[in-house]
Amino acid sequence: MSDDLPSEERESGLTVQEAKPKLRRPPLFKVLLLNDDYTPMEFVVQVLETFFAMNREKATQIMLHVHTRGRGVCGVYTKDIAETKVSEVNDFARSHQHPLMCTMEEA
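Residues numbered from 1 in each chain as written. Predicted model: local features only at pLDDT ≥ 70, side-chain atom pairs only at ≥ 80, totals over all residues. Heavy atoms only, no water.

Caption draft 1: Focus on the nonpolar core. Membership of the largest hydrophobic core comes to 24 residues, with the highest contact counts inside it found for Val31, Leu33, Val47, Leu48, Phe52, Val89 and Leu100. Within the residue set of this core, elements represented by two or more residues are strand S1 (28-34), helix H2 (41-52), helix H3 (56-69), strand S2 (71-78) and helix H4 (79-95). The element best represented in this core is H2, accounting for seven residues. Those residues in contact with Phe52 that lie beyond four places of it in its chain are Val31, Val47, Cys74, Tyr77, Lys85 and Val89. (Core = buried A, V, L, I, M, F, W, Y, C linked by side-chain atoms within 4.5 Å. Buried < 20%, exposed > 50% of the residue type's maximum accessible area, 1.4 Å probe, protein only. Helix = DSSP H or I, 4+ residues; strand = E, 2+ residues; numbered from the N terminus. Contact = heavy atoms within 4.5 Å.)

Caption draft 2: Up close: the packing of aromatic side chains. Applying the stated rule across the entire model yields three aromatic pairs. The interplanar angle of 35° and the centroid separation of 6.4 Å between the aromatic rings of Phe52 and Tyr77 together place this pair among those described as tilted. With Phe52 in helix H2 and Tyr77 in strand S2, this pair connects stretches of sequence that are 25 residues apart. Its relative accessible area of 19% is what places Tyr77 among the buried residues. Of the aromatic side chains, those joined through ring pairs into one cluster are Phe43, Phe51 and Phe92. (Phe/Tyr/Trp six-rings, centres within 6.5 Å; stacked < 30°, edge-to-face > 60°.)

Rendered as structure tokens:
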């Protein structure tokens, strides 16, 4: 037996192993843009470039997807980041007098 164990553990032959907590990844949330009949397409592209770090081509593809299908995924994030993105996009749209709506749902 090892000499670095307390005497009572050496005598009983038992050692205590620390339990390792099981870690789970946090749930992810999709950030979605919803289509409307009033927000200009160029504004939607600007939002995607600014808040979701997309290049012009990718932003245009997502904008067209939102336009033709009614909604589209901008990104997938942890809850806190998704909530922040939704809030920032909605505030930005309102400050520019556009009804563009951003929302989130669990991925």
